[in-house]
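Chain residues, written in single-letter form:
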Amino acid sequence: MVSSLYNETLSALESAGIEDSDFEANVIFEEVYGRDFKLRLLTGQLDRKETEAESARLDEMLHRRISGEPLQYIVGRWGFYRGEFTVGEGVLIPRQDTETLVESAYQLLKDTPSPKILDLCSGTGCIAITLSELLPEAEVHAVELYDNAYKYLEKNVTGHGSNVIPHKLDVLDESSAGQFTGFDLITCNPPYLTSEDMAELQKEVTHEPATALFGGTDGLDFYRAIPTIWKPALKLGGYIAFEIGAAQGEAVKAILESARYTDIRVIKDLCGKDRTVIAKNL
């Protein structure tokens, strides 16, 4: 009976050591039986035998999750800020932490007429697309290098009906930066995990591309390169805004000071951890 399968699914997730198994069981059942499955359980509408298609879908999702694949990849989309973004193998999964960067960027530009925004290491495009929706008069560009991630960037631009302009370029190549000028803001959620972090990743995170995670031995490689390479793309008085790891605020601040940025601020996320660094181009 479908009504008994929920508890079996929850038990299987718990036995596999999956954190927040209640939430994940709910997501899996919503995919198989609809967003209203809990109401239908309570009202007896699911007191029936599952269909072959339902059984196959549930078994597939549960097997993939217990094997360690991220729930977000299994579902194929994930929520970020006020929208949903298509995700899958080869692209970084949007995380709530990154909403701090988006909100900080919005506050910087909300009173700027027709701002120009450039998002580097764009991945799914969640930062660029969300900012284009919050600031509909903005001209927004998104830069991503890797084929699989760029595929999801294009899918999400199309899926959101967004006017974001994607570019397949290497953010560490000075010739890439030379194609852009006159921006009010550059945003970037770069790879920032250290060698130690990479050795201690949760099983689910190992499915995400290392190219979107590993920021060099100390996690700071991209912070060292981008402020200098991309400085000419910014207007005088324009801003650069990074997501950072919770312990990287002071190090990134020092890098930006050395690159002759000013008005440097470290902003905390909703958990009180350092999460975003903003600086002004001199």
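For the structure, check the block above.
Residues numbered from 1 in each chain as written. Predicted model: local features only at pLDDT ≥ 70, side-chain atom pairs only at ≥ 80, totals over all residues. Heavy atoms only, no water.

Participant: Just to check I follow, could you spell out the overall build of the protein for this structure?
Facilitator: Counting its regular elements, the protein contains 12 helices and nine strands. Counting only residues that meet the buried cut, the protein has 50% of its 282 residues in that class. Summarising the internal contacts of the protein: among those between residues at least 6 apart in sequence, 64% fall at separations of at least 24. As displayed, the protein has an accessible area near 13300 Å², and 49% of this comes from carbon and sulfur atoms. (Helix = DSSP H or I, 4+ residues; strand = E, 2+ residues; numbered from the N terminus. Buried < 20%, exposed > 50% of the residue type's maximum accessible area, 1.4 Å probe, protein only. Contact = heavy atoms within 4.5 Å. Areas by Shrake-Rupley, 256 points an atom, 1.4 Å probe, with all protein chains shown as cover.)

Participant: Honestly, the pattern of salt bridges in this entry has me stumped. Any pointers?
Facilitator: Close approach of charged atoms allows side chains of opposite charge to pair. Counted according to the given criterion, the structure contains 20 salt bridges. Measuring nitrogen to oxygen at the nearest pair gives 2.9 Å for the salt bridge that ties Glu204 to Arg65. With Glu204 in the loop between helix 10 (195-199) and helix 11 (221-229) and Arg65 in helix 4 (residues 52-66), the pair connects residues that are 139 residues apart, well separated along the chain. Residue Glu204 is classed as partly exposed on the basis of its relative accessible area of 21%. (Salt bridge = Lys/Arg side-chain N within 4 Å of Asp/Glu carboxyl O.)

Participant: Looking at this structure, how should I read the packing of aromatic side chains?
Facilitator: Aromatic rings in a pair are described by how distant their centres are and how their planes are angled relative to each other. Evaluation of the coordinates by the stated rule reveals nine aromatic pairs. With a centroid separation of 5.8 Å and an interplanar angle of 35°, the aromatic rings of Tyr6 and Phe37 are classed as tilted. With a gap of 31 residues between them, Tyr6 in helix 1 (residues 2-15) and Phe37 in helix 3 (residues 37-42) connect regions that are remote in the sequence. With a relative accessible area of 12%, Tyr6 lands in the buried category. Accessibility expressed as a relative area gives 1% for Phe37, which makes it buried. (Phe/Tyr/Trp six-rings, centres within 6.5 Å; stacked < 30°, edge-to-face > 60°.)

Participant: How do you make sense of the sheet that holds strand 6 (residues 183-188) when you look at a structure like this?
Facilitator: Two modes of strand pairing occur in sheets, parallel and antiparallel, and in both the strands are linked by backbone hydrogen bonds. With mixed pairing, the seven strands of this open sheet are ordered in space as 5-4-3-6-7-9-8. A strand with exactly one partner marks an edge of an open sheet, and here the two such strands are strand 5 (165-168) and strand 8 (261-268). Geometrically, the sheet is characterised by an average inter-axis angle of 20° between neighbouring strands, direction not taken into account. Judged from the four bridges that link them, strand 3 (residues 116-120) and strand 6 form a sheet pairing that is parallel. Looking across to strand 6, one finds that Leu120 is bridged to Cys188. In this fold helix 12 (residues 249-258) packs onto strand 7 (234-243), strand 8 and strand 9 (274-281), with an angle of close to 165° to the strand it touches most, strand 8. (Pairing = 2+ DSSP bridges. Axes fitted to C-alpha atoms, helices over the stretch in contact; angles between N-to-C directions.)

Participant: Before we go on, may I ask you to explain the nonpolar core in this structure?
Facilitator: Nonpolar side chains in soluble globular proteins generally cluster together in the buried interior. Ranked by internal contacts, the top residues of the largest apolar core, which has 34 residues, are Leu120, Ile226, Trp230, Ile240, Phe242 and Leu256. At the level of elements, strand 3, strand 6, helix 11, strand 7, helix 12, strand 8 and strand 9 are the ones that each hand at least two residues to this core. Of all the elements, helix 11 adds the most residues to this core, at four residues. Beyond its immediate sequence surroundings of up to four residues, Ile226 is in contact with Leu120, Val171, Leu172, Cys188, Lys231, Ile240 and Phe242. One finds Val2, Leu13, Trp78 and Ile93 within the second-largest nonpolar core, a separate group that totals 27 residues. (Core = buried A, V, L, I, M, F, W, Y, C linked by side-chain atoms within 4.5 Å.)

Participant: Please clarify how unusual backbone geometry should be interpreted in this entry.
Facilitator: Note: most peptide bonds trans; most residues except glycine with negative phi. Residue Ser114 is not a glycine yet carries a positive backbone phi of 45°. Structurally, the position occupied by Ser114 is in the loop between helix 6 (99-109) and strand 3. Owing to a relative accessible area of 44%, Ser114 belongs among the partly exposed residues under this scheme.

Participant: Mind showing me how you'd approach a negative patch on the surface here?
Facilitator: The grouping of Glu14, Glu19, Asp20 and Asp22 at the surface amounts to a negative patch. With respect to the helices and strands, the residue Glu14 is situated in helix 1. (Patch = residues over 30% accessible without salt bridge, like charges linked within 9 Å, V, L, I, M, F, W, Y side chains within 5 Å. Lys, Arg positive; Asp, Glu negative; His and termini not counted. Charge placed at Lys NZ, Arg CZ, Asp CG, Glu CD.)

Without other data, these values stay purely geometric and don't point to any function.
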